[in-house]
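Single-letter residue listing:
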Amino acid sequence: MISMVNRLQDALGNAGLNYNLSLPQIAVVGGQSSGKSSVLENFVGRDFLPRGTGIVTRRPLVLQLHHADAEYGEFLHCRGKKFSDFDEIRQEIESETRRLTGNNKGISPLPINLRIFSPNVLNLTLVDLPGITKVPVGDQPPDIEYQVRDMIMQYICKENCLILAVTPANMDLANSDALKLAKDVDPQGQRTIGVLTMLDLMDKGTDALEILENRLLPLRRGYIGLVNRSQKDIDGKRDIKTALQAEKKFFLSHPAYRHMCDRMGTPYLQKTLNQQLTNHIRESLPALYSHMHCLLVSISKEADAYKLYNPDDPMCRTKTLIKSVQQLSGDFEKLIEGSADEVNTVHLSGGARINQIFHEHFPYQLHKIKCDERKLRMEIAYAIRNIHGVRTGLFTPDMAFQAIVKKQISKLKIPCFGFVDMVCKELVSTIYECFNKLSSFPKLREETERLVTAEIREQESSCRAQISLLIDMQLAYINTKHEDFIGFTNAQPLCHRSDNKMAGNGGVQQGAAPPSSLIVGYRSTYVCTGFWVIRKGWLTINNVSIIAKEFWFILSTESLSWFKDSEETEKRYMLPLDNLKVRDVERGFMSSKFSFALFHSESRNVYKDYKFLELVCNSQEELDIWKSSLLRAGVYPEEVTVDTQGNGLSENFTDPQLERQVETIRNLVESYMSIIHKTVKDMMPKVIMHLMINSVKEFISSELLAQLYALGDCLALMDESPDQRQHREQVLSKHAALQAALNIIGEISTSGYVAPSDLSRFGARHFSSTPPKKSTTGGKSRNRGRAPPVPVHANQRLPGPACVPRRPAPAAPTAK
């Protein structure tokens, strides 16, 4: 079992996977000068680990011990080279550490793999981790404690890792750093093996019997005591065999440990670790196999594609170029049409964002250009008087109507061109999302970006020209016979009603707009029948209480309601939308909030005793969306109030006939402009969709590949980036390593443990390491294992190769 894991580590180590796959292993954890190095050297019987002051082990050392006739060492990074001199092994460890970490005492989690073959060792795999340190010494980094702790935690937090917690016996166990870290990741002590070193250095009259008998801080796997070589013995080159004999003599002669001497010392520790690691591997093998199999399946498709791709083959390059352009076309169309493989759940993008521009942002921008009432009336009055000249006109001149309407239509070019800019910006953002998949080929991406972006700019110019043409067409002919136009006949009754109202109020005009039932106004395009919800979201009420509070708002076609939370169970208030207006609120100095206010057009209180309600958003985009939603519900931006004594005129025009003519022209202009607004809102998305979006889609799917070929050397476009080349090699190496690892596990059947067919047919059930229970019935002993899925008689075997033999785990050491 241990040999199998060693082979797995070698196979996965080439691809850098042994660190990530959590293979069954034993991690040696302890503070500096706790005796970790002495424990490992005692296992081997040789001095081969670097020694010195401060932190010496700066990279994890994966030590694989193999029982063999010859004695030598091998490094995974020096494959094929055998080290018979253990001093050379020490030097190689030091040089390999410096190669990656430098000389500044830095550390690295990338392990060094060392295999030692010797007749004096048992099969065992351990990971020697850097010693826990508290204070940086010399040129060590200030955060060396946290670096070491993070590295240790990356190993011991994995469930497949047994923890060998090394603690000096002359230190209070409550202050043991090794046991503290082990307790953090293994609170029940299921994976921790305690080792007490330097038992011979304890003060006279004291002993560690209570700890070794597992009574002070119990661990499931118990504690084992050791006697290490002193620094004087190491400096004096004392032989390890002699030290092991002295260790044995110490336990035999010590009155406190004499009764448990057969469960103390380095040989017993080595044997115990061998047994426990073997059992642990057997228990972890099903989950390890399943994990590697899932990982292999996840990268198989990508690896198969890379296997078929030869970067030096012109045919492969051409085929990849065609597939890349086809994938770009498909991805772009999916993002626009809303059928992308990955749905964005964070924000709007692609076609959804363009749809929002079509139906929320653009109508709002159209309404913002609507001039105020006072200015409109002044322009109409000046136009009428200038047309009449020196004579006093008896009739309302239609030239004034045409002049005002043409001026209003000309103003539509600004929001329409802004509309094109917004869609073009979103289109470029969408296509750049698709370009990210071409990052493997930098030259191809660069040329594709240039060609597609140029096409978008060209279609943008076409859209601008078409929009200018549509506006000019509206200016060329004012269609007063349109079915929705109220005409002069219906405009005059409105004027007479206004006169009657003025007479009823003592000759004072109130300056109100004509009733919406007689004029097809802007609001009629938005207000829908029924209580339809338009928008929901969080807003903060800023002016009602001392502390601004956030509520969940729901805007419908009839009202604005807010609730305590998004569950919508506790309604705080419902505000009707009738006669409501919206206006901007200036941002304060260094303020990060965006506000707008709702107020009543008739100066009534909006909420309780408050004339207006100030609502706060978190971003400008959110503010614009709320304004657009309010516009859809019929709540318009604030307009300049008409002067009640001059009908909006800044000069003292007292001619009642002129006032009636101004009111008539105003009604006609409002009616005709509502028709123009409907037409523009309907035509602009169609123009953008036809000339820009559909044209770009057609260009990518039909013309892009031809233009790439027209550049000349199209094969040069398929040069891989260094990152992509490295990624491809890593995927192939990872795929091969996983296949080799699964084959190694499959070979266990030859040694009587398990076969690959068992893994695929029976799964992890046949990997169970639960020992069979023995019971005596009628004087005959029989094995009573775990119940199989179907009844199996005593002399029957499951189909397929042999299953895993079930052996009991070693019991924790206890006092005799």
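Here is what the cut-offs are and how they apply
- Within each chain, residue numbers correspond to sequence positions counted from 1 in written order.
- The predicted origin of the model limits local features to residues at a pLDDT of at least 70 and limits the giving and counting of side-chain atom pairs to 80 or more, whereas totals for whole chains, interfaces and linings rest on all residues.
- Note: side-chain values were computed over all heavy atoms of the structure, leaving out hydrogens and water.
- Strands are runs of DSSP state E lasting at least 2 residues, helices are runs of H or I lasting at least 4, and numbering of each runs from the N terminus.
- Note on definitions: a residue-residue contact is assigned when non-hydrogen atoms from the two residues lie within 4.5 Å.
- Method for areas: the Shrake-Rupley scheme with a 1.4 Å probe, in which residue coverage is limited to the protein chains shown.
- Burial here depends on accessible area, computed with a 1.4 Å probe over protein chains only, as a share of the maximum for the residue type. Under 20% is buried, over 50% is exposed, and the range in between is partly exposed.
- Planes of paired rings set the category: under 30 degrees apart is stacked, over 60 is edge-to-face and the rest tilted, where pairs are Phe, Tyr or Trp rings (Trp by its six-membered ring) whose centres lie within 6.5 Å.
- The span one expects for a helix is its residue count, reduced by one, times 1.5 Å.
- Throughout, the arc means that of the directions going from the helix axis to the C-beta atoms.
- Here a polar contact is recorded for every N or O atom pair within 3.5 Å, except that within protein the pair must consist of a potential hydrogen donor and a potential acceptor, and residues adjacent in sequence are included only if both atoms are side-chain atoms.
- Fitted lines through C-alpha atoms give the axes, limited to the stretch in contact for helices. The angle between two N-to-C directions lies from 0 to 180 degrees.
- Angle categories are assigned with fixed cut-offs, so that under 35 degrees is roughly parallel, over 145 is roughly antiparallel, 65 to 115 is roughly perpendicular, and the rest are oblique.
- Residues are sorted three ways: Asp, Glu, Lys and Arg are charged, Ala, Val, Leu, Ile, Met, Phe, Trp, Tyr, Cys and Pro are nonpolar, and all the rest, Gly among them, are polar.
- Here, strands pair whenever DSSP counts at least two bridges between them.
- Here, nonpolar core refers to any group of buried Ala, Val, Leu, Ile, Met, Phe, Trp, Tyr and Cys residues whose side-chain atoms link them within 4.5 Å.
- Salt bridges are defined as contacts in which a side-chain nitrogen from Lys or Arg sits within 4 Å of a carboxyl oxygen from Asp or Glu.
- Values of pLDDT, which run from 0 to 100, indicate the predictor's confidence residue by residue.
- Helix crossings are classified by the rotation of the near helix relative to the far one: an anticlockwise turn of less than a right angle makes the crossing left-handed, while a clockwise turn makes it right-handed.

For this particular structure, what's the right way to read the overall build of the chain?
A count of helices and strands for the chain gives 20 helices and 18 strands. Partitioning the contacts of the chain with sequence separation of at least 6, the portion at a separation of at least 24 is 75%. As presented, the chain carries roughly 41,200 Å² of accessible surface, and 51% of it is formed by carbon and sulfur atoms.

Teacher, can you tell me more about unusual backbone geometry here?
Among all residues save glycine, negative phi is the norm, and among peptide bonds the norm is trans. Unusually for a residue other than glycine, S603 sits at a positive phi of about 65°. Relative to the assigned elements, S603 resides in the loop between β14 (594–600) and β15 (612–617). Given a relative accessible area of 53%, S603 falls into the exposed group. Unlike most non-glycine residues, K608 shows phi in positive territory, near 55°. Locating K608 in the fold gives a position in the loop between β14 and β15.

Explain the packing of aromatic side chains to me, please; I cannot follow it from the model alone.
Under the definition given, this model contains 17 aromatic pairs. The interplanar angle of 45° and the centroid separation of 6.2 Å between the aromatic rings of F250 and Y257 together place this pair among those described as tilted. Residue class for Y257 comes out buried when judged on its relative accessible area of 0%. Taken together, a centroid distance of 4.8 Å and an interplanar angle of 85° make the contact between Y573 and Y607 edge-to-face. Of this pair, Y573 sits in strand β12 (residues 571–576) while Y607 sits in the loop between β14 and β15, and the two are 34 residues apart along the sequence.

How should the side chain of T97 be read in this particular structure?
Mapped onto the elements, T97 comes out in helix α3 (residues 86–101). Leaving out residues up to four positions away in the same chain, T97 has contacts with R58, R59, G102 and I112.

Looking at this structure, how should I read α3?
Side chains three or four residues apart in an α-helix point the same way, a direct result of the helix having 3.6 residues per turn. For α3, built from 16 residues, the straight-helix expectation of 22 Å at 1.5 Å per residue is met to within 8% by its first-to-last C-alpha distance of 23 Å. For α3, the complete set of buried residues consists of F86, I89, R90, E92, I93, E96, T97 and T101. With its buried residues spanning 160° around the axis, α3 presents them on a single face. Exposed residues pointing more than 90 degrees away from the buried face of α3 are listed as Q91 and R99. Contact partners of the buried residues in α3: α2 (36–44), β2 (61–67), β3 (72–75) and β4 (112–118). Backbone nitrogen of D87 and a side-chain oxygen of the N-cap are separated by 3.0 Å at the start of α3; the cap is D85. Just past α3, the residue G102 takes up positive phi, approximately 80°.

Got a minute to help me understand the packing of α2 against helix α9 (residues 266–308) in this structure?
Angle between the axes and distance between the axes are the two parameters that describe a pair of packed helices. The N-to-C vectors of α2 and α9 enclose an angle of 85°; their axes lie 10 Å apart at closest approach. Compared by their axis directions, α2 and α9 come out roughly perpendicular. Within the contact between the two elements, α2 uses V39, N42 and F43 and α9 uses T266, L269, Q270 and L273. Taken together, the residues of the contact of α2 with α9 break down into 4 nonpolar, 3 polar and no charged.

Could you clarify how one ought to interpret the sheet that holds strand β8 (residues 223–225) in this entry?
The strands making up a sheet associate through backbone hydrogen bonding, with each pair oriented either parallel or antiparallel. Reading across the sheet, the 8 strands line up as β3-β4-β2-β5-β1-β6-β7-β8 and stay open at both edges, with mixed pairing between neighbours. Since the sheet does not close on itself, it has two edges, and those belong to β3 and β8, each with one partner. Between one strand axis and the next, the sheet turns through 25° on average, direction left out of account. Bridging between strand β7 (residues 192–197) and β8 involves 3 bridges; their strand directions are parallel. Paired with L196 across the strands is G225, a residue of β8.

Honestly, the sheet that holds strand β11 (residues 559–563) in this entry has me stumped. Any pointers?
Here we have 8 strands laid out as an open sheet, ordered β12-β11-β10-β9-β15-β14-β13-β16, and mixed in their pairing. With one partner strand each, in any of the chains shown, β12 and β16 (636–637) form the two edges of the open sheet. Here β14 runs beside β15; their pairing, made up of 6 bridges, is antiparallel. Paired with S595 across the bridge in β15 is V616. Of the strands in this sheet, β9 (533–541), β10 (549–556), β13 (580–585), β14, β15 and β16 touch helix α17 (residues 620–632), which is tilted by about 130° from β9.

Sorry if this is basic, but what is going on with the nonpolar core here?
Core analysis: the biggest nonpolar cluster contains 72 residues, and F401, I409, V423, L427, I700 and L704 have the highest contact counts within it. Contributing elements (two or more residues each) for this core: α10 (314–337), α11 (351–368), α12 (373–388), α13 (398–410), α14 (413–435), α15 (442–476) and α18 (656–710). Per-element tally for this core: the top contributor is α18, with 21 residues. Residues in contact with I409, not counting those within four places in the same chain, are I471, Q474, L475, I478, Y672, M673 and I676. Residues L49, V121, L124 and L226 belong to the second largest nonpolar core, which totals 53 residues.

Explain the pattern of salt bridges here, please?
Oppositely charged side chains may form a pair once their charged atoms are brought near each other. This structure, assessed with the given rule, holds 30 salt bridges. Between D184 and K180 there is a salt bridge, and its shortest N-O distance comes to 3.2 Å. Of this pair, D184 and K180 both sit in helix α5 (residues 177–185), 4 residues apart, which is roughly one turn of that helix. Assessed through its relative accessible area of 37%, D184 is described here as partly exposed.

I'm lost on the environment of L630 in this one. Help?
Tracing the sequence through the fold places L630 in helix α17. Residue class for L630 comes out buried when judged on its relative accessible area of 2%. Along the primary structure L630 and I534 are separated by 96 residues, whereas in three dimensions their C-alpha atoms are 8.5 Å apart. If we ignore the near neighbours within four places in the chain, the residues touching L630 are L555, V582, F596, L598 and V635.

Explanation requested: the side chain of H66 in the structure shown.
By the element assignment, H66 lies in strand β2. A relative accessible area of 12% places H66 in the buried class.

Teacher, can you tell me more about the environment of L438 here?
Turning to its location among the elements, L438 is positioned in the loop between α14 and α15. Residues L438 and L328, 110 residues apart in the sequence, show an inter-C-alpha distance of 8.4 Å. Once you skip the residues sitting within four places of it in the chain, L438 turns out to touch S324, L328, L444, R445 and T448.

Explain the pairing of β11 to me, please; I cannot follow it from the model alone.
Each regular strand displays side chains that alternate between the two surfaces of the sheet. Buried residues dominate β11, accounting for 5 of its 5 residues. With burial as the criterion, each face of β11 is covered, one bearing S559, S561 and F563 and the other bearing L560 and W562. Both β11 and β12 contribute to a ladder of 5 bridges, which runs antiparallel. Among the inter-strand pairings, L560 is bridged to a residue of β12, identified as L575.

Explain the confidence of the model for the chain to me, please; I cannot follow it from the model alone.
In low-pLDDT regions, the fine details of the predicted coordinates are not to be read closely. The predicted model of the chain averages 77 in pLDDT, with 80% of residues at 70 or higher. Between residues 493–530, whose pLDDT stays under 50, and residues either more than four places distant or in other chains, the model counts 61 contacts. Across residues 749–816, confidence stays below pLDDT 50; counting only partners more than four residues off in sequence or on other chains, it has 102 contacts.

Before we go on, may I ask you to explain the packing of α10 against α14 in this structure?
One way to put it is that α10 packs onto α14 with a least axis distance of 9 Å and a crossing angle of 135°. Judged on the interaxial angle alone, α14 and α10 are oblique. The two elements α10 and α14 cross, and the hand of that crossing is right-handed. Listed contacts from α14 to L328, D331, F332, L335 and I336 of α10 are L427, T430, I431, E433, C434 and F435. Residues of the contact of α10 with α14, tallied by class, amount to 8 nonpolar, 1 polar and 2 charged.

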